[in-house]
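Residue strings, one per chain:
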Amino acid sequence: MPRPARPPIGLQLTRAARSVSRAFDDALAQAGGSLPVWLVLLSLKSQQPDNQRELADAVGIREATLTHHLNAMDAQGLITRRRDPANRRVHLVELTEAGEAAFLRLRSAAAGFDQRLRIGINEEDAANLEVILARLEHNATSDNGPSE
């Protein structure tokens, strides 16, 4: 079988995603956080979920995994959890002052990382990348084959 003229897109995308993900993890770690902590803080600030189930959905993880992260964040003083007075089976999650400060640090790290990624990429390139990534995601998850 002849070698392809170009490497497969999936391989290139996987390698790039892995490199970007590692670099983003490093940027968050330097700011005193991690991706799970950033996603929880971001969801609490932007979506203000009413309970842990909604928070798990917003972050895109299972409730058991979220509980593990929330336990660590609670121990670090970043969040508080309390029972909902209207439904004692539901836990309400709120940021503490330390959580607010961590959010600001991690938001700054995430924004700085985004600026770093955008070096040499103009607005048209960024818009094209967005379209291409959406098309790749659609193609990968669609049973109908590639989109037009």
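Rules behind the numbers
- Residues numbered from 1 in each chain as written.
- Predicted model: local features only at pLDDT ≥ 70, side-chain atom pairs only at ≥ 80, totals over all residues.
- Heavy atoms only, no water.
- pLDDT = per-residue confidence, 0-100.
- Helix = DSSP H or I, 4+ residues; strand = E, 2+ residues; numbered from the N terminus.
- Axes fitted to C-alpha atoms, helices over the stretch in contact; angles between N-to-C directions.
- Left-handed = near helix turned anticlockwise from the far one by under 90°.
- Contact = heavy atoms within 4.5 Å.
- Nonpolar A, V, L, I, M, F, W, Y, C, P; charged D, E, K, R; others polar.
- Salt bridge = Lys/Arg side-chain N within 4 Å of Asp/Glu carboxyl O.
- Buried < 20%, exposed > 50% of the residue type's maximum accessible area, 1.4 Å probe, protein only.
- Core = buried A, V, L, I, M, F, W, Y, C linked by side-chain atoms within 4.5 Å.
- Arc of directions from axis to C-beta.
- Patch = residues over 30% accessible without salt bridge, like charges linked within 9 Å, V, L, I, M, F, W, Y side chains within 5 Å.
- Areas by Shrake-Rupley, 256 points an atom, 1.4 Å probe, with all protein chains shown as cover.

## Re the confidence of the model for the protein
Consideration 1: Residues of the protein with pLDDT of at least 70 account for 97%, and the chain-wide mean is 91.
Consideration 2: Mean pLDDT values for the elements of the protein range from 83 in strand 2 (residues 87-95) up to 97 in helix 5 (residues 97-117).

## Let's talk about the packing of helix 1 (residues 9-30) against helix 5
Consideration 1: Their axes nearest at 9 Å, the elements helix 1 and helix 5 cross at an angle of 145°. In this structure, the crossing between helix 1 and helix 5 has a hand that is right-handed. Seen from helix 1, the contacting residues are V20, A23, F24, A27 and L28; seen from helix 5, they are L106, A109, A110, F113, R116 and L117.
Consideration 2: When the residues that make up the contact of helix 1 with helix 5 are grouped by side-chain class, the tally is ten nonpolar, no polar and one charged.

## Considerations on the pattern of salt bridges
Consideration 1: Tallying each qualifying case throughout the model produces five salt bridges.
Consideration 2: One salt bridge in this structure joins R53 and E63, with 3.4 Å as the shortest N-O distance. One end of the pair, R53, is in helix 3 (residues 52-59); the other, E63, is in helix 4 (residues 63-75), and ten residues separate them in sequence.
Consideration 3: A salt bridge links R81 to D74, with the shortest nitrogen-to-oxygen separation between them at 3.6 Å.
Consideration 4: On the accessibility criterion, D74 (33% relative accessible area) is partly exposed.

## Side note on the environment of V90
Consideration 1: For V90, the location among the structural elements is in strand 2.
Consideration 2: On the basis of relative accessible area, V90 is assigned to the buried category, the value being 16%.
Consideration 3: Taking C-alpha positions, V90 is 8.5 Å from R53, a pair spaced 37 residues apart along the chain.
Consideration 4: Once residues lying within four places of it in the same chain are set aside, the contact partners of V90 are N51, R82, R83 and D84.

## Some thoughts on the nonpolar core
A general feature of soluble globular proteins is that nonpolar side chains tend to end up buried together.
Consideration 1: Counting residues in hydrophobic clusters, the biggest one holds 26 residues, and the most contacted among them are V40, L41, L55, L70, M73 and I79.
Consideration 2: For this core, the secondary structure elements donating two or more residues are helix 1, helix 2 (35-46), helix 3, helix 4, strand 2 and helix 5.
Consideration 3: Examining the composition of this core, we find that six residues originate from one element, helix 5, more than from any other.
Consideration 4: The contacts of V40, once residues within four sequence positions are left out, are L55, V59, L66, L70 and M73.

## Digging into helix 3
Consideration 1: Burial in helix 3 covers these residues: Q52, L55, A56 and V59. Buried positions in helix 3, seen along its axis, are confined to an arc of 100° and lie on one side of it. Exposed side of helix 3, more than 90 degrees from the buried face: R53 and D57 are the residues found there.
Consideration 2: Residues of helix 3 that are buried sit in contact with helix 2, helix 4, strand 1 (79-84) and strand 2.
Consideration 3: Trailing helix 3 by a residue or two, G60 shows a phi angle of about 85°, which is positive.

## Observations concerning a nonpolar patch on the surface
Consideration 1: Residues I9, L13, L129 and L133 make up a contiguous nonpolar surface patch of about 340 Å² in total accessible area.
Consideration 2: Those elements giving two or more residues to the nonpolar patch turn out to be helix 1 and helix 6 (123-141).
Consideration 3: With respect to the helices, strands and loops of the structure, I9 is situated in helix 1.
Consideration 4: Relative accessible area serves as the criterion here: at 53%, I9 is assigned to the exposed category.

## Describing unusual backbone geometry
Consideration 1: The residue Q48 is not glycine, and still its phi comes out positive at about 45°.
Consideration 2: With respect to the helices and strands, the residue Q48 is situated in the loop between helix 2 and helix 3.

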